[in-house]
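# Architecture at a glance
So the chains spell out like this:
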Amino acid sequence: MKYTQFASLLVLPCLLALSSCDKKQPAEQSKAGTPQQTAAAEPDWCAEHGVPESICTRCNKKLIAEFKKKGDWCKEHDLPESQCILCNPELKEKFEAMKPKEGK
Ligand SMILES: [Zn+2]
Ligand SMILES: [Zn+2]
């Protein structure tokens, strides 16, 4: 009996806090969604693997399931087909073009 009263007392202020929080800190939410990504100032590029960091499955293993779900996966090379330069040599040029230039 007491517990339910206590719970409803807790829930109400929580909901109020949540809705006001929403407006104040939208950044907090996006951060939680992409924990691997850091400062926005950094270019989206993984120099180690030659692909944009945001789609680098070797740095962010969570992405693997997403690519597999889409059917974009090269089992042979353990890479998304859309990033597999070994199967698709023309991709090399594409990623080369995406690569941020060092020094202006
Ligand atoms: Zn990487
Ligand atoms: Zn391949």
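Thresholds, definitions, all that
Residues numbered from 1 in each chain as written. Chains lettered and ligands numbered in written order. Predicted model: local features only at pLDDT ≥ 70, side-chain atom pairs only at ≥ 80, totals over all residues. Helix = DSSP H or I, 4+ residues; strand = E, 2+ residues; numbered from the N terminus. Buried ≥ 20, exposed ≤ 12 C-beta atoms within 10 Å, placed from the backbone. Contact = placed C-beta atoms within 7 Å. pLDDT = per-residue confidence, 0-100.

## Description of the overall build of the chain
- Scanning the chain from terminus to terminus reveals 4 helices and 0 strands.
- When its helices and strands are written in sequence order, the chain yields α-α-α-α.
- Within the chain, the fraction of its 104 residues that count as buried is 7%.
- The contacts of the chain with a sequence gap of at least 6 include a subset with a gap of at least 24, amounting to 19%.

## What about the environment of I64?
- Its place among the elements puts I64 in helix α3 (residues 62–70).
- Exposure remark for I64: the 15 C-beta atoms within 10 Å place this residue in the partly exposed category.
- Residues I64 and L79, spaced 15 residues apart in sequence, show a C-alpha to C-alpha distance of 8.0 Å.

## Let's talk about unusual backbone geometry
- Despite not being glycine, D78 has its phi angle at roughly 60 degrees, a positive value.
- Here D78 is to be found in the loop between α3 and α4 (90–98).
- The class for D78 is exposed, based on 11 C-beta atoms found within 10 Å.

## Concerning the confidence of the model for the chain
- On average, residues of the chain score 80 in pLDDT, and 61% of them reach the 70 mark or higher.
- Within the chain, the lowest mean pLDDT, 53, falls on helix α2 (residues 26–33), and the highest, 98, falls on α3.

## Section: the environment of Q83
- Within the secondary structure, Q83 is located in the loop between α3 and α4.
- Placed 33 residues apart in sequence, Q83 and G50 show a C-alpha to C-alpha distance of 9.3 Å.
- With sequence-adjacent residues up to four places away left out, Q83 is seen in contact with V51, I55 and L91.

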